[in-house]
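Coordinates in review
What follows is the residue order along each chain.
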Amino acid sequence: GGAAFPVVCGRLERCMGIVTSLTNGVSEREANDALNAHVCKGAPQHEEICLGLFTLVLTEPAQAQKCYRDLALVSRDGMNIVLNKINQILMEKYLKLQDACRTQLVWLLRELVKSGVLGADGVCMTFMKQIAGGDVTAKNIWLAENVLDILTEQREWVLKSSILIAMAVYTYLRLIVDHHGTSQLQALRQKEVDFCISLLRERFMDCFMIGRDLVRLLQNVARIPEFEQLWKDIIHNPQALSAQFTGVLQLLQLRTSRKFLACRLTPDMETKLLFMTSRVRFGQQKRYQDWFQRQYLSTPDSQSLRCDLIRYICGVVHPSNEVLSSDILPRWAIIGWLLTTCTSNVAASNAKLALFYDWLFFSPEKDNIMNIEPAILVMNHSMKPHPAITATLLDFMCRIIPNFYPPLEVHVRQGVFNSLTHIVEKRVLAPLAPLFDNPKLDKELRAMLREKFPEFCSSPSPPIEGRAPGSSGRGGLSWPAHGSWSCRLTEAALHWGKREFRFHPIKETIVEEPVDITPFLDQLDESLKDKVLLLQKGSDTEAQCEVMQEIVDQVLEEDFDSEQLSILASCLQELFKAHFRGEVLPEEITEESLEESVGKPLYLIFRNLCQMQEDNSSFSLLLDLLSELYQKQPKIGYHLLYYLRASKAAAGKMNLYESFAQATQLGDLHTCLMMDMKACQEDDVRLLCYLTPSIYTEFPDETLRSGELLNMIVAVIDSAQLQELVCHVMMGNLVMFRKDSVLNILIQSLDWETFEQYCTWQLFLAHNIPLETIIPILQHLKYKEHPEALSCLLLQLRREKPSEEMVKMVLSRPCHPDDQFTTSILRHWCIKHDDLLAEHIKSLLIKNNSLPRKRQSLRSSSSKLAQLTLEQILEHLDNLRLNLTNTKQNFFSQTPILQALQHVQASCDEAHKMKFSDLFSLAEEYEDSSSKPPKSRRKAALSSPRSRKNAAQPANNEEESASSSASVSATPRGPLESWGVAPRGVPATERGTSGHVREPSSQWASRQGCSTLSGVPMRFPTPSPG
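Rules and cut-offs
- Residues numbered from 1 in each chain as written.
- Predicted model: local features only at pLDDT ≥ 70, side-chain atom pairs only at ≥ 80, totals over all residues.
- Heavy atoms only, no water.
- UniProt positions renumbered as here; feature names shortened; annotations may be inferred.
- Helix = DSSP H or I, 4+ residues; strand = E, 2+ residues; numbered from the N terminus.
- Buried < 20%, exposed > 50% of the residue type's maximum accessible area, 1.4 Å probe, protein only.
- Contact = heavy atoms within 4.5 Å.
- Areas by Shrake-Rupley, 256 points an atom, 1.4 Å probe, with all protein chains shown as cover.
- Phe/Tyr/Trp six-rings, centres within 6.5 Å; stacked < 30°, edge-to-face > 60°.
- Lys NZ or Arg CZ within 6 Å of the ring centre and 35° of its normal.
- Axes fitted to C-alpha atoms, helices over the stretch in contact; angles between N-to-C directions.
- Parallel < 35°, antiparallel > 145°, perpendicular 65-115°, else oblique.
- Nonpolar A, V, L, I, M, F, W, Y, C, P; charged D, E, K, R; others polar.
- Salt bridge = Lys/Arg side-chain N within 4 Å of Asp/Glu carboxyl O.
- Disulfide = S-S within 2.5 Å.
- Expected span 1.5 Å × (residues − 1).
- pLDDT = per-residue confidence, 0-100.
- Left-handed = near helix turned anticlockwise from the far one by under 90°.
- Core = buried A, V, L, I, M, F, W, Y, C linked by side-chain atoms within 4.5 Å.
- Patch = residues over 30% accessible without salt bridge, like charges linked within 9 Å, V, L, I, M, F, W, Y side chains within 5 Å.
- Lys, Arg positive; Asp, Glu negative; His and termini not counted.
- Charge placed at Lys NZ, Arg CZ, Asp CG, Glu CD.
- Polar contact = N/O pair within 3.5 Å; in protein donor to acceptor, adjacent residues only side chain to side chain.

Per an unreviewed UniProt entry, the chain goes by Integrator complex subunit 3 and derives from Chrysemys picta bellii. Regarding the chain, the relevant UniProt record gives this comment under Sequence similarities (unreviewed entry): "Belongs to the Integrator subunit 3 family."

It is worth spelling out the overall build of the chain at this point. From N to C terminus, the chain includes 57 helices and two strands. Taking all 1026 residues of the chain together, 56% fall into the buried category. Restricting to contacts in the chain with at least 6 residues of sequence separation, those with at least 24 account for 75%. Split by element, the accessible area of the chain, about 42900 Å² in all, is 52% carbon and sulfur.

Two numbers describe a pair of aromatic rings. These are the distance of the centres and the angle of the planes. Inspection of the entire model under this criterion finds 25 aromatic pairs. Taking 5.2 Å as the distance between ring centres and 55 degrees as the angle between the ring planes, the aromatic pair formed by phenylalanine 292 and tyrosine 296 counts as tilted. With phenylalanine 292 and tyrosine 296 both in helix H18 (residues 286-296), this residue pair falls four residues apart, about one helical turn. Phenylalanine 292 gets classed as buried once you look at its relative accessible area, which sits at 0%. Pairing tyrosine 603 with tyrosine 643 gives two aromatic rings, centres 5.8 Å apart and planes at 75 degrees, and the pair type is edge-to-face. Here tyrosine 603, found in helix H35 (residues 603-610), pairs with tyrosine 643, found in helix H37 (residues 636-646); they are 40 residues apart in sequence, far enough to count as distant. Given a relative accessible area of 2%, tyrosine 603 falls into the buried group. Residue tyrosine 643 is classed as buried on the basis of its relative accessible area of 0%. Its end group placed over the ring of tyrosine 690, arginine 645 keeps NZ or CZ at 4.2 Å from the ring centre.

This brings us to the environment of arginine 255. Structurally, arginine 255 can be placed in the loop between helix H15 (248-252) and helix H16 (258-263). Look at arginine 255 and you get partly exposed, because its relative accessible area is 31%. Spatially, the C-alpha atom of arginine 255 lies 5.5 Å from that of glycine 211, the residues being 44 residues apart in sequence. Discounting residues that sit within four places of it in the chain, arginine 255 has contacts with Arg212, Lys366, Asp367, Asn368 and Asn371.

What follows deals with the packing of helix H40 (residues 685-698) against helix H43 (residues 719-730). At a closest axis distance of 11 Å, the pairing of H40 and H43 adopts a crossing angle of 10 degrees. Our classification of the angle between H40 and H43 gives roughly parallel. For the pair H40 and H43, contact is made by Val685, Arg686, Cys689, Thr692 and Pro693 and by Gln721, Leu725 and His728, respectively. For the contact of H40 with H43, the per-class residue count stands at four nonpolar, three polar and one charged.

Attention shifts here to the pattern of salt bridges. Tallied over the full model, the rule gives 45 salt bridges. The shortest N-O distance in the salt bridge between aspartate 99 and lysine 139 comes to 3.2 Å. Here aspartate 99 is found in helix H6 (residues 99-114), whereas its partner lysine 139 is found in helix H8 (residues 138-153), with 40 residues between them in sequence. With a closest N to O distance of 2.7 Å, glutamate 804 and lysine 847 form a salt bridge. Remark: lysine 847 occurs in helix H49 (residues 834-850) and glutamate 804 occurs in helix H47 (residues 804-811); sequence separation between them is 43 residues. Owing to a relative accessible area of 47%, lysine 847 belongs among the partly exposed residues under this scheme. A network of salt bridges, in which partner residues are shared, links Arg212, Asp213, Arg216, Arg255, Arg311, Asp358 and Asp367.

Attention shifts here to the state of the cysteines. Applying the stated criterion across every chain, the model contains zero disulfides. Between cysteine 342, a cysteine without a disulfide, and cysteine 307, which holds the nearest cysteine sulfur, the sulfur-to-sulfur distance is 7.3 Å. Given a relative accessible area of 1%, cysteine 342 falls into the buried group.

With that settled, consider the side chain of glutamine 303. In this structure, glutamine 303 sits in the loop between H18 and helix H19 (305-315). For glutamine 303, the contacting residues outside a window of four places in its chain are Thr341, Cys342, Thr343, Ser344 and Ala347.

Before going further, it helps to examine helix H17 (residues 267-278). Here H17 spans 16 Å end to end across 12 residues, near enough to the 16 Å set by a 1.5 Å rise per residue. Taking burial as the measure, the 12 residues of H17 include nine buried ones, the bulk of the element. Of all the residues in H17, the buried ones are Pro267, Asp268, Met269, Glu270, Lys272, Leu273, Phe275, Met276 and Thr277.

Moving on to the confidence of the model for the chain. The share of residues in the chain with pLDDT of 70 or more is 82%, and the mean pLDDT across the chain is 83. The model gives residues 853-866 a pLDDT under 50, and that stretch makes 17 contacts with residues more than four places away or in other chains. Low pLDDT, under 50, characterises residues 1022-1026; the predicted model gives this stretch five contacts beyond four residues in sequence or across chains.

What follows covers the packing of H6 against helix H7 (residues 120-129). For the pair H6 and H7, interaxial distance at closest approach is 10 Å and the crossing angle is 150 degrees. Our classification of the angle between H6 and H7 gives roughly antiparallel. The interaxial crossing formed by H6 with H7 has left-handed handedness. Each of Leu105, Val106, Leu109, Leu112 and Val113 in H6 lies in contact with H7, whose residues at this interface are Ala120, Val123, Cys124 and Phe127.

This part covers unusual backbone geometry. Notably, methionine 79 is not glycine yet its phi reads approximately 65 degrees, a positive angle. If you trace the backbone, methionine 79 turns up in the loop between helix H4 (64-74) and helix H5 (80-92). Of note, arginine 427 is a non-glycine position whose phi angle comes to about 60 degrees, a positive value. Relative to the assigned elements, arginine 427 resides in the loop between helix H25 (409-425) and helix H26 (433-436). For arginine 427, a relative accessible area of 29% gives the class partly exposed.

The next point concerns the nonpolar core. Soluble globular proteins: nonpolar side chains tend toward being buried together. The biggest cluster of nonpolar side chains holds 325 residues, and the ones touching the most others in it are Phe227, Trp359, Ile376 and Phe436. Ranked by residue count, the leading element in this core is helix H10 (residues 162-176), at 11 residues. If we skip the residues at most four places from it in the chain, phenylalanine 227 touches Leu173, Ile176, Val193, Cys196, Ile197, Leu200, Leu218, Val221 and Ala222.

Once that is clear, we can look at a negative patch on the surface. Residues Asp525, Glu526, Asp530, Asp540, Glu542, Glu546, Glu550, Asp553, Glu557, Glu558 and Asp559 make up a contiguous surface patch of negative charge. Those elements that place two or more of their residues in the negative patch are helix H31 (526-537) and helix H32 (541-555). The element best represented in the negative patch is H32, accounting for four residues. Judged by its relative accessible area of 55%, glutamate 526 is exposed.

To continue, consider helix H23 (residues 369-382). Taking 1.5 Å per residue, 14 residues should reach 20 Å; H23 reaches 20 Å between its end C-alpha atoms and fits that length. Sitting at the amino-terminal end of H23 is asparagine 368, which places a side-chain oxygen 2.8 Å from the backbone nitrogen of methionine 370.

See the structure below:
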C-alpha cells in the first residue's frame, strides 16, 4: 500500500502494519475482538488502530468500506484523531498525494458526512480550501465537482452549520466566475448557481455574516439570470430575503472576516505569500514572484485569482511593527507587482476594486487601518518609478465614488474621506498633498483630485521640487513602522529601475551568547532529552558526532514519535548556530581538508541519508527532520549541497538534493535550488564558485533554462574567479549555456551591471556555441543603452566569416549617425571577405527590392522586431561608401554590388534616386563604361562633387523607431521586473509636451466615461424598479 501513498510516513505505515497483523487470517468477529482489545490498552494503542484503519482506507480501496465500519466501531473519540489527520494531510501534503489517494479521501469525506460525524464540517471547509481559484485543470474541476456533490446530496446536514453555509456560498460564488466555455464546465456552473441561489434565498442571514465581500462576489455573477433576479430583491425588496435584512448598505458596512478572505487561497499559495511577506528582503523578491507567477498566474484563467490574492494581502497579512520596520518585502510591493500582471482590462479593474474595497465604506471604529494602508503606499511609492500606476489608481479612487452604486454615492464619498483622514492621522502618509498635487500627474487628474478632496490638496502653488512625495512628516509618532523603513531604503531601492537593488550585508562581529534550549528540552522524550544534553556538553567534534549518531538512530526506531522532529530541529539549530557562521570551504582545498570540513556533527544526518535506500521509511523520516531544520535555518540547504559535492561518502549522490527539495515546504526543486544558491551567494562567494560546476552538471534543466543562477554568480565574482570558471568551461567540467536558451539569457543580461555583462559574455565565448545562435540579439541592442553587449558582439563578429543571416541582422539595425556598429563591421568584412560580403549584399538588395512596396511597410509595422527595409540597406551602404572614401578599398567596384545597385535603381522611386544618387552613380558608370578599368571609374564616383547633406541624417521616421524600439527590447524578458514593474514594452505612459503623464493607457484605466469601471460588473446591476 505504501507506494500508492507517498505521504504514508513511517508512523502511518507502522500503524497500518499493527492493524493488518491483528486482523489477517482471522474471522471478522475475531478481528473485531482483537482490535477492541488492543484499543482498550490505552490512548497510544487507540491512536495506532484509528490511524492504521484510516491508512488502509486511503491505500486499499477494496477494503475501504469494511475498514470504515471497523473505524466507526472502535473509535472512542468520535473519530477526532482521524479528522485531525485528514486536516493535516489536506493542509500539508495534498499536492503530493496520488490520484487514487485523493479519490479515497473524498470518499472518506462523504462517509463522514453521511454518518454526521461531529467536526466533519471543518474537514469539509478544508477540502474547499484546496479548490484553487483561476484554475480549470481536470484535477481541480474534479475536486470542485465532488465536494459540491457531497454538499448537495447531504443538504440537510449542511443546513445545521451556519459557518459551513457561509463558507460554501463564498467558495462556490467565487468559482462560478471561472467555470464557462466547455459543456462540462457549463453543467458544473449550473449546479453551482442552483446551490448558491438556494442557500442565499433560504438562509440569507447565515450568508450575511460574510460581510461586504459577499456584495463583491455577487457583482461578478450579476449577469447570470438567477442572480439578476436575486439582485432585484436585494435592491428593491430586501425583506423578501430576511426580516432582519434592511438593504445592501447594511451588508457593505460589515467588514469581511479574515477566515473568508483566506479560504480562497490554497494552503500552498498561502504558505508562499506568507513566506514572501515575512522572510524575503525587499530587492530580492523577483525570483519568488517569478516562481509564484509560473505556478499560479501564467494561464488566461488565472486572471480572476489576482483579486483573491489582493483581498488576502489587505485583509489577512497584517505584519507586526517589527517586520514593518525591517527590510522585509512590504505588502504594497507585492500588490503593485500583482497589478502589473493583469493583462485584461476586466482583471485590472477588478484588481483595483479589490485593493480599494475596504475604503468605500471605511469606518475607523469597525475597520482596520491595515486594510487600507497598501493602496495609499502603492500609489505613493510608484509615483517616481511608475507614475502611470499612481495615476490609474488615483483616477480609479475618484471615479469609483459616483460609479460604484449611484444611490450610495454619499456613503462611498464618506468612506473614502474617512480612509484618507485616518491615513493622515495615523501618519501612514502625511501630508497627502505631494501625492495628490504632484507635477508628474496630468492637469485633468490633478484638477479632479482637487475638486473631490480639497482638504488633502495643498494651496494652488506647486509643491517644492526635489522632495520625494510624502517625505515630509514622516516622524511617525503613533505609527513608527513605515517611517523608519522608508528612510532606510535608498533612492535606488525605490527606483526599482533597470538594475535590481541589492542589500550588501554588513558583516557584523558576532558576540557568542550562551545557548538556551531549556524551553525545547522539556518537550522531548526523556531518552532524547539526555542525548541532546550530552550533545550540548560535548567538548570535541568527535564526541558530538557519536552522540549525534545515537540521536539519528533513535529517530529511526520503530516507536519514535514524529511529532518530536520539530522540537529536535529547534534544539539542533540552536546548538549548532556556529556551524552556519563564517566560511564553510577550507582555506586550502585538499582531499584531507575537505574530509575534515564535512565532519561536522550536523552533517551526520546527510551521511546517514547517503547510506540509505530512497524508498524506505527511514529515508523520508530523516528528510522530514531536515525539512524542519530548513524551516528554522535556511542555510542548511547549501550546506547539504556542499556535503554532496565535497564528501567522499556522497560520491554520485547529488540527486539526493532533489528528494530534499521535494520534502521541504517549498516542495519544488527549482525554487529550492535558487534560494539555496542565493543564500550561499550572500554568505560565501568562494563556496558559490566551488559548487557552480556540480550544480550546473547535476541540474541542467533547473540551471540552464533561465539566467537566474548565472546572474547570482556574475553579480559577486571577481576577475580571478571569472578566469577560473572560464577554465572550467574550456576543460569540459562546466556547461553554463545551452543552444535552446542562450539567446534568452543573453537578452535578460542586458539589464545587468556592466561588469556582470562582461563576465556573462566571457563565459559565453568560452563555450563552443556558434554565433549564428545568438545573432538575433542584435535586434534588441540600442547603441546608447547596450554598449557592453555591442562591443562584445562586434569583436566576436570580426572573427567570423559573414553568412547571409549575419549580414541581414547587421543591416537591419536602425541607421543613426552616432551608431557606428554596422559601418565598422561592414568595413572589416570588406577588407577580409569582400567577395562573400558583396554576394550577400547583392542577394539582400534584390530580395528586398522585389517585395511589393505595400506589403513591406505592413511587415515592418506589424512585426515586433526591426525589419530590414530597402532604404536601410542603401543607407548603411552609403555610410560605408563614405567611410571608404580616400582608402584603397575597391569594394564598390565588384560586379555583384554594381549589378544589385543597377537592379534597385531601375525600379525605385525618384525620392530614393535623389537621396542615394552618389551610390547609384557608381552603377550608372558601370552600365555606360563596362570596358573602362574599374579603378579609375571608382575614384571618380567616390569623389563626386555632389555634396550630400543627407548623408548622416536619420530617415524621417528614425526618431520614432529609436524610441519605439525601446519597447521592443523588453519583449522577451519576464513580465516582472524587480517588484513586478511592467516591462518597458508596456506603453505605461505617453508623455505630453510638458513631460507630464498624459492618459494612462488602457492597460491601466481607460478614462472614457467609466468604461473599465462598468466594464465587468463594477457597477451594481440596475434592474428597472418593479
